[in-house]
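Chain by chain, the residues run as shown.
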Amino acid sequence: MIVTTDIANILYRDCQTFGIDIVPHGKKLMGELKSERIVIHSKSQQPGTYWKKSFVEVNLCVPDLKKGEANTIRLNELEKEAQELFDVVTGCYDGVSYFYSIDSIGTEEDTDLKCHYVNVRLLFEVLNVK
């Protein structure tokens, strides 16, 4: 059985290839962002006949160059890297098969953190048969 915390752990492992610090599951970023960070939000699972489905948000955060000015070059690099990394991934965790792929991807702004980020919304499916 794979639960939402396992999903966060799987994505934590997969996001290591970015070489960016990852915020631990359950922690929130506070104040102005000083360096790049990855934040993973694993959402609740919906039961299905063969697959349990859930959506997961992976945010690749990049500090602004100056107030309100995005580092568009770096955001572009991260978006392309995310597109490749998350473009249809299959695996096995604790003997259970899973599959995930990009549902949507784009850039957004967080004025409180003074950063822009690539928001990757993943559809994460876990095999639900024994």
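Structure: see above.
Residues numbered from 1 in each chain as written. Predicted model: local features only at pLDDT ≥ 70, side-chain atom pairs only at ≥ 80, totals over all residues. Heavy atoms only, no water.

**What about the side chain of S54?**
Cut-off, in case you're wondering: Runs of H or I in DSSP of at least four residues are treated as helices and runs of E of at least two as strands, each being numbered from the N terminus. Residue contacts are defined here by distance: any two heavy atoms, one from each residue, within 4.5 Å place the two residues in contact.
Along the chain, the position of S54 falls in strand β3 (residues 51–63). What S54 contacts, discounting residues up to four positions off in sequence, is I7, K43, S44, Q45, L122, L123 and F124.

**Focus: the side chain of D14**
Quick reminder of the rule: The buried label applies to any residue whose accessible area, calculated with a 1.4 Å probe on protein chains only, is under 20% of its type's maximum; exposed applies above 50%, and partly exposed to all values in between.
If you trace the backbone, D14 turns up in helix α1 (residues 4–15). Residue D14 is classed as buried on the basis of its relative accessible area, which comes to 14%. Apart from the residues within four sequence positions on either side, D14 is in contact with L85, V89 and Y100.

**Some remarks on the pattern of salt bridges**
Condition: Definition used for salt bridges: Asp or Glu carboxyl oxygen within 4 Å of a side-chain nitrogen of Lys or Arg.
Applying the stated criterion to the full structure yields nine salt bridges. When the shortest N-O distance is used, the salt bridge between D21 and R37 registers 3.3 Å. You can see D21 sitting in strand β1 (residues 21–22) and its partner R37 sitting in strand β2 (residues 37–42), a full 16 residues away along the chain. Of the residues examined, R37 reaches a relative accessible area of 24% and is grouped as partly exposed. The salt bridge partner of E69 is K66, with a shortest N-O separation of 3.7 Å. The class for K66 is exposed, based on a relative accessible area of 55%. Taken together, the salt bridges that share partners define one network made up of E32, K34 and K114.

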